[in-house]
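# Remarks on the overall topology
Each chain, letter by letter, is given below.
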Amino acid sequence: MDERILGIHHVTAIAGDPQRNLDFYGGILGLRLVKLTVNFDDPGTYHFYFGDETGHPGSIITFFPWPRAPRGRRGAGQATAVAFAIPDGSLSFWMERLRRHGVAFSGPAHRFGRELLVLADPDGLVLELVPSESGTEFNPATHGPVSADHAIRGLHSVTLMESQWDATLSLLEGTLGFGFEASDENWFRFRLGSGGSGTIVEVLRAPGEAPGVVAVGTVHHVAWRVADGATQKTWRAKIVDHGVAATNVLDRKYFTSIYFREPGGILFEIATDPPGFAIDESLEELGTSLMLPPWLESRRRSLESTLPRVTAPRFARAA
């Protein structure tokens, strides 16, 4: 049994308008909507899951769309950027695609010896596209507008902005199993195990930076993958032994979760790979219907009448 943290399971962020969010991530970035559900802690709000064709952990970015919520502010104690892996040789394709859809970007920039593009989604969430040889374990989405030759392969990394970083580094290296890999000015890269997609975290040291405000356009939490529930409980004990408070195990239907804040203030989650997103829909039908956990089924009619109307991500088929 593999008892390590395997990489990023998903990243959850806060959006504004739900249809605009669907159209950007499904229609422009070409990710598959693999689950249309609600925020289990706030069922009057959607929870969108985007990922690869099968919703493989490590390919997932999720959103709570709160249309009337205020705009957040990036700052210390936040995950300030989410990076996706794209195939090597795909930068020019993505530059042209973003231009065609009126999406501003900068780059190619260089960090840690790699080129990357930096852009923002319609709510201001900072995204990066990083050419990478990793991500071969994922299945590019085939239901969208981007051909498999250029499609996003999964999550590459996240950036953590920290004004005080010693305690955060102690948790990353001393408890969670990250190893220091390289530095590039104020950027410090850490990696889990032998690498692969979603195993990288980059810490941006920003002394004196004001704390961020988590709201629309910012990351809500970063979830890390483990193989099963027994491993999850082992990690909970390790985190508590490190002196960090952690929640009990929570049932998220498609995985189970524990939550804790790293010393800099960023909300972390440890989520199990199973049971996965095909537990209540076939792989062919992922993301096509509003799915609710059993404890909310009695409220379906009420929720469907109050949630904003949305349609499948809109896009023009392209090569």
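What counts, and where the lines are drawn
Residues numbered from 1 in each chain as written. Predicted model: local features only at pLDDT ≥ 70, side-chain atom pairs only at ≥ 80, totals over all residues. Heavy atoms only, no water. Helix = DSSP H or I, 4+ residues; strand = E, 2+ residues; numbered from the N terminus. Rg over C-alpha atoms; globule rule 2.2 N^0.38 Å. Contact = heavy atoms within 4.5 Å. Salt bridge = Lys/Arg side-chain N within 4 Å of Asp/Glu carboxyl O. Phe/Tyr/Trp six-rings, centres within 6.5 Å; stacked < 30°, edge-to-face > 60°. Buried < 20%, exposed > 50% of the residue type's maximum accessible area, 1.4 Å probe, protein only. Lys NZ or Arg CZ within 6 Å of the ring centre and 35° of its normal. Pairing = 2+ DSSP bridges. Axes fitted to C-alpha atoms, helices over the stretch in contact; angles between N-to-C directions.

## Side note on the overall build of the chain
On a plain count of helices and strands, the chain comes out with five helices and 16 strands. Against the globule reference of 20 Å for 319 residues, the chain gives a C-alpha radius of gyration of 19 Å, in line with a compact fold. For the chain, the C-alpha atoms occupy an extent of roughly 45 × 45 × 40 Å along the three principal directions. Long-range contacts, defined here as pairs at least 24 residues apart, represent 68% of the contacts in the chain between residues at least 6 apart.

## What about the pattern of salt bridges?
Here the structure, examined in full by the defined rule, presents 16 salt bridges. Of the charged contacts, one joins Lys35 and Glu281 as a salt bridge, the two residues approaching to 2.6 Å between their closest N and O atoms. Taken together, the residues span a long stretch of sequence, with Lys35 in strand β2 (residues 32-39) and Glu281 in the loop between β16 (267-272) and α5 (300-306) at a distance of 246 residues. Arg300 serves as the salt-bridge partner of Glu297, at 2.9 Å between the closest nitrogen and oxygen.

## Things to note about the packing of aromatic side chains
Counted by the stated rule, this structure contains 17 aromatic pairs. Ring geometry for Phe24 versus Tyr25: centroids 5.0 Å apart, planes at 75°, classification edge-to-face. Look at Phe24 and you get buried, because its relative accessible area is 5%. Relative to Tyr254, the ring of Tyr49 lies with its centre 6.4 Å away and its plane at 70°, an arrangement referred to as edge-to-face. With Tyr49 in strand β3 (residues 42-51) and Tyr254 in the loop between β14 (250-251) and β15 (256-261), this residue pair connects regions lying 205 residues apart in the sequence. Judged by relative accessible area, which is 4%, Tyr49 ranks as buried. Cation over ring: Arg205 sits above Phe188, and NZ or CZ is 4.0 Å from the ring centre.

## Some remarks on the sheet that holds strand β11 (residues 187-192)
Strand order across the open sheet formed by eight strands is β6-β7-β8-β5-β9-β12-β11-β10, with mixed pairing between neighbours. Strands with a single pairing partner mark the edges of an open sheet, and in this sheet they are β6 (105-111) and β10 (178-184). Sheet twist, expressed as the average angle between the axes of neighbouring strands with direction ignored, equals 25°. For strand β9 (residues 154-162) and strand β12 (residues 200-205), the ladder comprises six bridges, and the chain directions are parallel. Following the sheet pairing, Glu162 is matched in β12 by Arg205.

## Side note on the pairing of β12
Among the six residues of β12, five are classified as buried, and the element is accordingly described as predominantly covered. Note that β11 and β12 share five bridges and pair antiparallel. Bridging from a neighbouring strand, Arg189 pairs with Glu202 of β12.

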